[in-house]
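Overview (structure and organization)
What follows is the residue order along each chain.
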Amino acid sequence: MATARGRAAAAGGWASGRRAGTMASLAEPPASRAPSRSPALSPAAGPSRCGGERRRNASHAGADLGAVQLRSVDLNHVIKLLEDSDSKDLEKEQLKTLKKVVKRFENGLPLKDLAQVIEILNLCAEKMNEQEAFTEPLCELIKLCGLPFQKKKLSDEVSYSVAVSKSIAQLAYLMRVPSSQVRIQICKCVVSFYNTESPRKLLSGYQPTSANYKIQMAELGGLAETLVLSLALVENQLNEKLWVLKALQHLSSSGVNCRLMMKAQAASRLCLYLNGVDPSGQLVFRSSEILWNLLENTSKEEVVNQLSSLECVHALKEVFVDLLMHGFRHYDRQLRNDLLVLATLLAENPAAPMIESGFAKLLIVLATFTEVKIPNPLVKGLKLTYSYEDFELKKLLFNVIGVLSKDPCAVQLLSENDVIPALLYYVKPNQKPGFHDWSAAQYEELQLHAIAILASVAPLLVDKYLSCQANTLLLVFLEWCIGQDPFFGQGNSFHGTGGRGNKLAQMRYSLRVLRSVVSLYDDAVNLNLCDQGAISQLLDILKYAANKSKEKEDAILLEIQADILFLLSVLCENDLHRKELFSYEGVDILIPFIQMDPKKLHSGLGHNCLLFSALDCLWSCVIGCYIAEDYFLEKQGIFLLLDLLALKQKNLCNIILGILVEFCDNPKTTLHISTWRGEKDQTAANLLIQLWRQEELELGVKRDRYGRIVDMKRPIASSFQKQQEVIPMPASCRSFAIMEISENIRAKLYSLLCKLGFENLPGLSAKDFVTLAIIRHYIDFKVGEVWSELCAELKEEFRPVASDEEALKVISEISEDTGRMIAALQTEVLESQHHQEIQEEEKAYTKIQAIHKQKEMVNKSWENFLTRTSNYEALKKAKRLQEKSIEASRSKSKTQNGAVHSTDIKGLGTTIGSGRLVTVESTPPQLIGGPLAVTDFALRKSSVCEGALKKIKRVKTLDSVKKDSIPV
C-alpha cells in the first residue's frame, strides 16, 4: 500500500516496514496495521490503516443457525407510553416495556422497525436527564444497533437506505447525553459495524444485511463528522475520549468518512490531543493512526494546512521530544519516527511555524550532534543506538534538513548548527565497521543520503563550504571512486540505485554536489577547484565513465558523463588558460560524443542530455582557444557538426548553428564548411537554406508557391507576430521584433551565410536562390519591422509633427521598396530559370530531331543503294551523276605543260569512289533480324531454326565481304 508517509519520505529514500514485533501487554491488539505497537488499552484496539481484515459475507448463515420466531410488540404503543407524563408507576411500566423491546430484538433489528427504535432511543435519552433508571435500557437498545440488521427481501437494503442512514446518524447525536456509559456504548456500537462475525440466531423469515451495509449507511449519514464534533464533549474524560478515537480510527479507513472528518477540522483537533495526559499511551497512538488515514485518504495539502497552526506544531514537538527522551520500547521508537514524518510534511509547508516553534532547530541539532560532537543542551543526555528504528530516525532527520534547505528562513539555522561539517563527515570511504557501529550497508545508505542532502545545502552556505575544504574532500573521494580499491556497494537504498558491486552511486552524488556549487558561477569556488587540478581529474573521470559506458550503457553512467561535461563547461568558460588545459585531451574525449548514433537520442536513457552537454562543453571549452579550435578542425569536427545539423532536429539546430557561427571567427572554418558534402552530395549552403525554409514554414511566414515574398510591408513577420497588438513600451524593454530574433534560428542562419558569403555558393537551385535573396536582406527587413513598431507606438501615444511624419513615411517606403525589389529579383531569377529550362528543352528537342534526320538519311541512302543494285538504268544514271560531280570539282584553269590524268579505271563497274580497298555493303541487320536487331528482337521472338538459318547466312555474308575486300 502506497502510504502518505512513503510519499513524504520518497525524496530521502526512506522506505521502512511499519510496526513489527509483539507486545504481550496489549489487552486487544490493533487489527492489522499495528498489531504490536499500542500500549495496554482498556477499549478494544482499532482497525488497521488499510481498513481492517477482510469482511466475510454474512448473508449465508448456514443450516446450523436456528430460526427464532419474532414476538409481537407494538412499537407505536411503546412510543406513546414513553411520551406520556412521568410518574413513578408509569416509569416502572415504561422500563418493563423497554425490556420487552430489547428481548424482542435481541437477535437483530429489522430494517422496517429501525426508525421507530431510534425514536424510542431519543425518548429514553430525554428521560435520562431526570431519571437515571433509563440508562441501562438505553445502552441495551444502543447495543442492539450494533447487531446485523435484518431484512425480509433483497431489495430492503435499497428501499430503507435513507431511513437507515438517518437512524445511524442519530446514534452520533446521542453523544450529547451526559452519561459515560451511554457514550462508550455508542462507540462500541460503531466499532461493531466492522465486526464480520455472523449472528448466532436468525429471525424467522429474515436474513442479515450484507457485511458492509452499516458502514455504507454510516458514510451516507455523516456519522464520522458528528463523532469528530463530539470530541469537544469528552475533552476532560480520558476513557470516553479514547473510545471516540477508537471509533474514529475504524471510520477513518474509508475515504468518504475521512473527507467528512476533515470538514469538522479533524486533523487540528486530533493533533491538539497528542500531548494530553494518558498513562496508557493510547491517545498518541490512535490520534497518529487517524492522522495517517486522513493523509492517505484525503488531500495531503488540506491535512497539512490544518496542522500548520502554532498550537499543533507545539503539541507535535512536545510529544516527539517526550518519545525521543523517554521512549525505550520498540513501539515508542516506531511511533517517534511516524511523528517525525508528520513533522517533515509540516516543514514542506512554508506557512507552518516550524522555526518560530523551535521545532526546526531541534531537528537540525538532532541530525548533526553525533557527527560534530558539539555539546548542545537540546540533546543533553540523548544517545542514539544502532538499532533499525534509530537508523530510520537518522535518515528521516537528514531528509528534514533537505526539506528545510528549501526555506530561505532556515538558512541561518543550518549555518549555526554545523550542518556542512556534519554532512562532510560521510564524504570518505567507509572504514572497517566495528561491533557497535552501523553495518556496511547502513553506512553506505547514510553516506549516499548525506551526500545527496549536501548537494542541496552547499549552495546556500558557500563560505562554510569553502572553510571546510569541501572541494578537496570531494576530489579525494572521487579519486577513490575510480581507484582499484576493492569495494562492493550494496545498492540497497533509493540513492544506491545502480551502485551494487561498484562505486558509481558515490561518484554520482559527489558530482552532483560539485555541480550544485559550480553552477553558482562563484569565482572563489571555481578557482579553488582549478587550483587543485580539477580539470585534469575530471577528464580522467570522464574517460573512466566513457569506457564503462562502452561495456554497458545505463542512465547513471550517462548522467555522470553529462555532469562532468557541465562542470568542465563552467570551469573553462571565459578562461583561456583553462581551455588550453582542456584542449588536446578534452577534444579527443568530445569527438566520440558528437559522433553518437542519432538513433540513441530517443532511447530514453539520457543520450539526448549527454549530447547537449557535449555541445555545451565544446562551445565553452574549445571556442576561443585557437589551439583547441585547430585541433578540433584537424579531427574533422566541423564535418561532424554539419552531419548532426543535417538531421534537422529542432532542439539541436539552435545550439549547433551557434557553435558554427562562433567557430567561423577562425579563418580555417569556412573552408571546412564549404568542403562538407552530405547525402546526395548536398552542400552546406543548400542545407542552411533548407533550414531557413523549414523555420519560416513553422513560423507561418507568408510565401507564394515559388517561395517569393507576398507581404511587402512585413516580408519576414511570423503569423504570431502579426497577431500582436501595438503596446507602447519603455525604451529599456525589447519590442517583439527584437525578442523574436532569439526565439528562432533565422538570425544564426543569416550570420553563418554572411561568413560563407552570398556569392558563388555551390549546389544551389533556383528555389534556393529565391530564398537566398530574402536571407541576404534579413537585417534590412528586421530594421523595417522595428521602424514599423516604432511608428505604430508613436501613433498610439501622440501625433508626430509634419517633418517627423514625413521622415517616418520615407523610412516606411524604403522598407516596402526593398521588399518590392527583392520580389522583382526573385521573379527575375525564376524567369531566368524558366528561360534556361526552355533552352535546355529546345536543345533536347534539336538533338532528337538531328537523330531522326540522321536515321532518315541512312534510310534514304539505303533505298538509293537498293535502287542502284536492282535497276541497271538507275546505276548508269548514278554513274553519270558521279562523273559530272567529279568534273565539276576539277579546277577550271588548265596547268601549262602539265599532264592530265584520268580518274577513271577502265572496265570498273562500281558506283563508289575508287580506292585501295573496295567495301561491299550488305543488308542492314535491322532488316534481316539476328542478335544485332535490337528493336526487332524486343518485338518478335524468332524461332530456333530461323535464328540458326540467319546465323549461317551472316557467316556466309561475312566470308564474301572478306573475299571482295581486295586491293585495287
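Figured I'd write up the structure that's included with this text. (Residues numbered from 1 in each chain as written. Predicted model: local features only at pLDDT ≥ 70, side-chain atom pairs only at ≥ 80, totals over all residues. Heavy atoms only, no water.)

**Remarks on the nonpolar core**
In this structure, Leu294, Met354, Leu363, Leu568, Phe632, Leu641 and Leu645 are the most contacted members of the largest nonpolar core, which totals 254 residues. With 13 residues, the top contributor of residues to this core is helix 28 (residues 555–572). Apart from residues no more than four positions distant in its own chain, Leu363 is found in contact with Phe320, Leu340, Ala343, Met354, Leu397 and Val400. (Core = buried A, V, L, I, M, F, W, Y, C linked by side-chain atoms within 4.5 Å. Buried < 20%, exposed > 50% of the residue type's maximum accessible area, 1.4 Å probe, protein only. Helix = DSSP H or I, 4+ residues; strand = E, 2+ residues; numbered from the N terminus. Contact = heavy atoms within 4.5 Å.)

**Describing helix 8 (residues 180–192)**
Residues that lie three or four places apart on an α-helix share one face, since the helix turns once every 3.6 residues. Taking 1.5 Å of rise per residue, 13 residues should cover 18 Å, and helix 8 covers 18 Å from first to last C-alpha, within 8% of that figure. When helix 8 is considered as a whole, its buried residues turn out to be Val182, Arg183, Ile184, Gln185, Ile186, Cys187, Cys189, Val190 and Val191. Looking at the buried side of helix 8, the elements it contacts are helix 5 (135–145), helix 7 (161–173), helix 10 (223–229) and helix 11 (238–251). (Expected span 1.5 Å × (residues − 1).)

**Digging into the packing of helix 19 (residues 388–404) against helix 22 (residues 440–457)**
One can describe the packing of helix 19 onto helix 22 by two numbers: an axis separation of 9 Å at closest approach and a directional angle of 10°. Of the possible angle classes, the one that applies to helix 19 and helix 22 is roughly parallel. From helix 19, Phe391, Lys394, Lys395, Phe398, Asn399, Ile401 and Gly402 reach across to helix 22, where they touch Gln442, Glu445, Leu446, His449, Ala450, Ile453 and Val457. Of the residues belonging to the contact of helix 19 with helix 22, the class tally is 7 nonpolar, 4 polar and 3 charged. (Axes fitted to C-alpha atoms, helices over the stretch in contact; angles between N-to-C directions. Parallel < 35°, antiparallel > 145°, perpendicular 65-115°, else oblique. Nonpolar A, V, L, I, M, F, W, Y, C, P; charged D, E, K, R; others polar.)

**Observations regarding the environment of Leu82**
Structurally, Leu82 can be placed in helix 2 (residues 75–83). Among the residues examined, Leu82 registers a relative accessible area of 4% and is labelled buried. The spacing of Leu82 and Glu93 is 11 residues in sequence and 9.5 Å in space, taken between C-alpha atoms. With sequence-adjacent residues up to four places away left out, Leu82 is seen in contact with Gln94, Leu98, Ile120, Leu123, Cys124, Lys127 and Phe134.

**What to know about a nonpolar patch on the surface**
Where nonpolar side chains cluster on the molecular surface, the patch consists of Ile779, Val783, Trp787 and Leu790 and spans about 310 Å² of accessible area. Residue position: Leu790 is located in helix 40 (residues 778–797). The partly exposed category is assigned to Leu790, whose relative accessible area is 36%. (Patch = residues over 30% accessible without salt bridge, like charges linked within 9 Å, V, L, I, M, F, W, Y side chains within 5 Å. Areas by Shrake-Rupley, 256 points an atom, 1.4 Å probe, with all protein chains shown as cover. Salt bridge = Lys/Arg side-chain N within 4 Å of Asp/Glu carboxyl O.)

**Considerations on the pattern of salt bridges**
A full pass over the atoms with the stated rule returns 35 salt bridges. Of the charged contacts in the structure, one is a salt bridge between Lys876 and Glu873, with a shortest N-O distance of 3.5 Å. Here Glu873 and Lys876 lie together in helix 42 (residues 872–889), a separation of 3 residues that amounts to about one turn. In this structure Lys876 comes out as partly exposed when scored by relative accessible area, which is 31%.

**A closer look at helix 31 (residues 626–634)**
Buried residues of helix 31: Ala628, Glu629, Tyr631, Phe632 and Leu633, and no others. Buried positions along helix 31 lie against helix 29 (576–594), helix 30 (607–621), helix 32 (637–645), helix 33 (650–663) and helix 34 (669–675). Positive phi appears at Gln636, one or two residues downstream of helix 31, with a value of about 60°.

**Quick word on the packing of aromatic side chains**
What the rule picks out here adds up to 15 aromatic pairs. Geometrically, the ring pair formed by Phe320 and Phe359 is tilted, given 5.9 Å between the ring centres and 55° between the ring planes. Of this pair, Phe320 sits in helix 16 (residues 310–326) while Phe359 sits in helix 18 (residues 359–372), placing them 39 residues apart in sequence. Since its relative accessible area comes to 0%, Phe320 is described here as buried. Taking the centre distance of 6.4 Å and the plane angle of 35° together, the rings of Tyr750 and Phe758 count as tilted. The same class applies to Tyr750 as to Phe758, namely buried. One aromatic cluster is present, built from ring pairs that chain together Tyr386, Tyr388, Phe391 and Trp438. In this arrangement the basic side chain of Lys214 is found over the ring face of Phe149, its NZ or CZ atom lying 4.4 Å from the centre. Taking NZ or CZ as reference, Arg746 lies 5.9 Å from the ring centre of Trp692, over its face. (Phe/Tyr/Trp six-rings, centres within 6.5 Å; stacked < 30°, edge-to-face > 60°. Lys NZ or Arg CZ within 6 Å of the ring centre and 35° of its normal.)

**Describing a negative patch on the surface**
Together, Glu83, Asp84, Glu119 and Glu126 make up a region of like negative charge exposed at the surface. Relative to the helices and strands, Glu83 resides in helix 2. (Lys, Arg positive; Asp, Glu negative; His and termini not counted. Charge placed at Lys NZ, Arg CZ, Asp CG, Glu CD.)

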